Amino acid sequence: MHKLLAQQLEEARHPDGTIDLDLFVELVAASYEAADHDRTHGLKAEIAHHTGELRESKRRLKQQNARFAAALENMSHGLSMYDAKQRLVTCNKQFLDLYRLPQSLGRTGTSFRRILEGRVVANTHIGDDPIGYVEERLQVADRGEAANAVLKLNSGLVVAITHQPLKDGGWVSTHKDITELNHLQEELAHLAYHDALTSLPNRHRLQRQIDENFTIADGIGSFALLFVDLDGFKTINDTLGHAAGDAVLGQVAARLTETVGERGLVGRMGGDEFAVVMRLGAVAREADALAGDLVEAARRPFRANGQNCDMGFSIGIAVAPGDGANPEQLLKNADLALYAAKNGQRGGYRFYQPAMGRALTERVELQHDLAQALERGEFELHYQPILNLTTQEFSGFEALLRWRRGDELVPPSRFIPVAEETGLIVPIGEWVLREAINEATHWPRGLRVAINVSSVQFQPGNLVPVIMNALAGSGLASERVEIEITESVFFDNSSANLDALRQLHALGLKIALDDFGTGFSALSYLLSYPFDKIKIDGSFVRALDNAQGAHAIVRAVSEIGHGLGIATTAEGIETAEQLRNVYAAGYSEAQGYLLARPMSAAQLRLMLKQDDDSMPAAPMAQAAG
Ligand code: C2E
Ligand code: MG
Ligand code: MG
């Protein structure tokens, strides 16, 4: 092409590459004004030719531009493009809106600096140093490196940004508003790491904190883990309902948070178990102080259903790295310490000690052996006579379970709680019922058998058929069976349990309330079910020897029995003095070592046979009647 023409063509070019045709023609016309007509004519033809070409190129460009503009305006991201001199080539409306920039800043040629300053004005910059911010962004753009980032603007929006350098020295960047998504993610993260009921960090969050502390401590730094378990929570849940229980858990969470303050992270492990991961650097002394504060904090009552309820915190403490070189070990040992605290005094705390591990091992072994004891036939029942104080004759015998574990005869206090926790008490209790009922068929007619039934045995819901089957299998009259329960039967699922008791009563069995005075001994239990008998716990009988108030209590229980027209039994009588006292107090029955110790079934049969041989059967029958 003509050199001059090419030059004029460039002069008429817009920054976006399109050509201003009118300007071009003007330029050309001006330069040739003085030239001769013919030459001009020839040139005109050439110009006409180029003009046609140019018109076509302009049309295509226009079309392309329109497509590009449409794409730009319809994309979901904000987009901006700069040239090598950091001047805006183009941007879309989304970009301007996102950063709340005025239309005027969207013009081609606007400097990047002006756009950044516009963002400061609109408060869509980042951080609290606007000048520093602008300079820093300019430098970053200068480096010409590709980058992706998620940034939170001062306006609150969260933006995902990509920055892509171009070959000619400029760059293109995209900007997407992900505030909503980010919010959702945060919410998910919160859900994943927080307990829904109390909003405290959950087990996973605590675990992460422990892991982090271990990483930072690197085997040298010390920190303590406290497991906090609520004493008396189950009772609140059982007696006041789960809604009240939830409310109390909320208060516990608040009180723990308040007491711990900056000393560590409080979380809920689950159920009524909480934990505190103390700050790195906290040694045993500080853990001791915190545990003391927590125990103290639990002394203020909690509120449920408008009433005060007493609870305590039992706390187990393990201090890393001494009590655990890794997270698993530390958690396990804090748990062991908690277990020891739970079995100690209510509302106390214990530091981990290696001996605690051995105690647990023993318990695990006990559990393991207990699971097989039934199959191996290691259980036996002993029977303790019950004396009728009016007739001075035995009215029956209480069946008491024994476990022959190797050479040892294990008392029920050692294995019944474990059997209850594991549910093994259900099959074991079934065996007891069948065995005791069968054994009683060998005794003279008037004598009863008293059988202890754990509240856990009510849970499967088949206690009544189990007892009916045992009776049917043996042929023993239902009137000769007395079921001894404790008030815990009224805690869980009490209406179903009450139904079961009523059915048993309707079948002719007697129902006794055992260990009266040791638990809550709410008198309402006595009204909620028409018991045939109350057994006052042996601890009150023993207290008759020294505690002043014991006489009053022992007498009061007897009077309640008289008032309700039901029998009363005094357990654990060891001395003649105690026997005189309960007799004077008006009890109808007595039981204790003084009268007879529990004996094997064979011993009992022998004793009954001797009685039978030495005296007529009548007094015995009379005793029971
Ligand atoms: P319990 O039903 O109150 O039984 C009375 C306990 O007092 C028995 O203890 C008995 O041996 C003991 N005892 C009797 N007279 C005296 C005395 O004069 N002084 C003292 N210090 N104690 C006396 P044992 O046999 O160790 O049973 C303890 C508890 O284990 C029972 O208390 C009962 O709650 C439970 N238990 C026993 N057998 C069974 C069973 O077959 N099933 C269930 N679920 N629980 C059982
Ligand atoms: Mg009993
Ligand atoms: Mg008892």
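Residues numbered from 1 in each chain as written. Chains lettered and ligands numbered in written order. Predicted model: local features only at pLDDT ≥ 70, side-chain atom pairs only at ≥ 80, totals over all residues. Heavy atoms only, no water.

## Comments concerning the site of ligand 1
Around ligand 1, the structure places 22 residues, and the nearest of them are Arg402, Asn452, Asp514, Glu574 and Tyr593. In the environment of ligand 1, a nitrogen atom lies 3.1 Å from a nitrogen or oxygen atom belonging to the backbone of Leu401. Tyr593 places a main-chain nitrogen or oxygen 2.8 Å from an oxygen atom of ligand 1. In the complex, 81% of the free accessible area of ligand 1, which totals 790 Å², lies under the protein chains. (Near = heavy atom within 4 Å. Polar contact = N/O pair within 3.5 Å; in protein donor to acceptor, adjacent residues only side chain to side chain. Areas by Shrake-Rupley, 256 points an atom, 1.4 Å probe, with all protein chains shown as cover.)

## A closer look at the packing of aromatic side chains
Within the structure shown, the criterion is met by 17 aromatic pairs. Between Phe397 and Trp443, the ring centres sit 5.1 Å apart and the planes meet at 65°, which makes this aromatic pair edge-to-face. Of this pair, Phe397 sits in strand β14 (residues 393-405) while Trp443 sits in the loop between α15 (425-440) and β16 (448-452); the two residues are 46 residues apart in sequence, bridging distant segments of the chain. Centre to centre, the rings of Phe490 and Tyr525 are 5.0 Å apart; their planes meet at 10°, and the pair counts as stacked. Here Phe490, found in the loop between β17 (481-485) and α17 (494-506), pairs with Tyr525, found in helix α18 (residues 523-528); they are 35 residues apart in sequence, far enough to count as distant. Given the relative accessible area of 11%, Tyr525 is considered buried. (Phe/Tyr/Trp six-rings, centres within 6.5 Å; stacked < 30°, edge-to-face > 60°. Helix = DSSP H or I, 4+ residues; strand = E, 2+ residues; numbered from the N terminus. Buried < 20%, exposed > 50% of the residue type's maximum accessible area, 1.4 Å probe, protein only.)

## Some thoughts on the coordination of the magnesium ion (ligand 3)
The reference angle at a metal is 109.5 degrees if four donors form a tetrahedron and 90 or 180 degrees if six donors form an octahedron. Around the magnesium ion (ligand 3), the protein contributes the donor atoms Asp514 (OD), Asp515 (OD), Glu571 (OE) and Glu571 (OE), which lie 1.9 to 2.6 Å from the metal centre. A separation of 4.2 Å is found between the magnesium ion (ligand 3) and the magnesium ion (ligand 2), which share Asp514 as a coordinating residue. Remark: Glu571 occurs in the loop between β20 (567-570) and α21 (576-585) and Asp515 occurs in strand β18 (residues 510-516); sequence separation between them is 56 residues. For Asp515, a relative accessible area of 27% puts it in the partly exposed group. We classify Glu571 as buried; its relative accessible area is 12%. (Donors = N, O, S within 2.8 Å, 3.2 Å for Na, K, Ca; no water.)

## Quick look at the coordination of the magnesium ion (ligand 2)
Distances from the magnesium ion (ligand 2) to its protein donors, Glu398 (OE), Asn452 (OD1), Glu484 (OE) and Asp514 (OD), fall within 2.0 to 2.2 Å. Written as a sequence motif, the donor arrangement for the magnesium ion (ligand 2) is E-x53-N-x31-E-x29-D.

## Re the confidence of the model for the chain
Counting all residues, the mean pLDDT for the chain is 89, and 93% of those residues have values of 70 or more. Confidence drops under a pLDDT of 50 for residues 616-625, and excluding neighbours within four residues, the segment shows 16 contacts in the predicted structure. (pLDDT = per-residue confidence, 0-100. Contact = heavy atoms within 4.5 Å.)

## What about the side chain of Arg255?
Assignment of secondary structure puts Arg255 in helix α10 (residues 242-260). One buried charged residue, Arg255, forms no salt bridge at all, with the nearest opposite charge on Glu258 at 6.1 Å. In this structure Arg255 touches Ala297, Ala298, Arg300, Pro301 and Phe302, once residues within four positions along its chain are discounted. (Lys, Arg positive; Asp, Glu negative; His and termini not counted. Salt bridge = Lys/Arg side-chain N within 4 Å of Asp/Glu carboxyl O.)

## Let's talk about the packing of helix α8 (residues 203-217) against helix α12 (residues 327-343)
In the contact formed by α8 and α12, the axes pass within 10 Å of each other and the chain directions differ by 120°. Looking at the two axes, α8 sits oblique to α12. Both α8 and α12 take part in a crossing whose hand is right-handed. Two secondary-structure elements touch here, α8 through Gln207, Ile210, Asp211 and Phe214 and α12 through Pro327, Leu330 and Leu331. For the contact of α8 with α12, the class distribution of residues is five nonpolar, one polar and one charged. (Axes fitted to C-alpha atoms, helices over the stretch in contact; angles between N-to-C directions. Parallel < 35°, antiparallel > 145°, perpendicular 65-115°, else oblique. Left-handed = near helix turned anticlockwise from the far one by under 90°. Nonpolar A, V, L, I, M, F, W, Y, C, P; charged D, E, K, R; others polar.)

## Focus: helix α13 (residues 354-373)
A rise of 1.5 Å per residue sets the reference length of α13, with its 20 residues, at 28 Å; its end C-alpha atoms lie 29 Å apart and thus fit the reference within 8%. Buried residues belonging to α13 abut α12, β12 (349-351), β13 (379-388), β14, α14 (412-422) and α15. (Expected span 1.5 Å × (residues − 1).)

## Looking at the sheet that holds strand β3 (residues 147-152)
The five strands are arranged β2-β1-β5-β4-β3 in an open sheet whose pairing can be described as antiparallel. What marks the edges here is a single partner per strand, and that holds for β2 (88-91) and β3. Along the sheet, successive strands turn relative to each other by an average axial angle of 15°, direction set aside. Here β3 runs beside strand β4 (residues 158-165); their pairing, made up of six bridges, is antiparallel. Bridge pairing links Asn148 to Thr162 in β4. (Pairing = 2+ DSSP bridges.)

## So, the pairing of β16
Summarising the sheet, β14 and β16 pair through four bridges and their orientation is parallel. Note that in β16 the partner of Phe397 across the bridge is Val449. Bridging between β16 and β17 involves four bridges; their strand directions are parallel. Within β17, the residue paired with Ile451 across the bridge is Ile483. Regarding the hand of the β-α-β motif, the stretch spanning β16, helix α16 (residues 463-474) and β17 is right-handed. (Right-handed = clockwise from strand over helix to strand, strands pointing away.)

## A closer look at the pattern of salt bridges
Throughout the structure, instances matching the rule amount to 28 salt bridges. Of the charged contacts, one joins Asp231 and Lys342 as a salt bridge, the two residues approaching to 2.8 Å between their closest N and O atoms. Highlighted residues: Asp231 in strand β6 (residues 223-231) and Lys342 in helix α12, separated in sequence by 111 residues. Lys342 gets classed as partly exposed once you look at its relative accessible area, which sits at 32%. A salt bridge links Glu589 to Lys533; the nearest nitrogen and oxygen atoms lie 2.6 Å apart. Of this pair, Glu589 sits in strand β21 (residues 589-590) while Lys533 sits in strand β19 (residues 533-536), and the two are 56 residues apart along the sequence.

## Thoughts on the sheet that holds strand β8 (residues 273-278)
With mixed pairing, five strands are arranged side by side in an open sheet as β7-β8-β6-β11-β12. Of all strands in the sheet, those with a lone pairing partner are β7 (264-270) and β12, marking the two edges. In this sheet, neighbouring strand axes are inclined to one another by 20° on average, regardless of whether the strands run parallel or antiparallel. Relative to β8, β7 is paired through six bridges, and the arrangement is antiparallel. Across the sheet, Val266 pairs through a bridge with Val276, a residue of β8.

## Here we look at unusual backbone geometry
The phi angle of most residues is negative, glycine excepted, and most peptide bonds adopt the trans form. With omega at 0°, the peptide bond leading from Ala320 into Pro321 counts as cis. Structurally, Pro321 can be placed in the loop between β11 (312-320) and α12.

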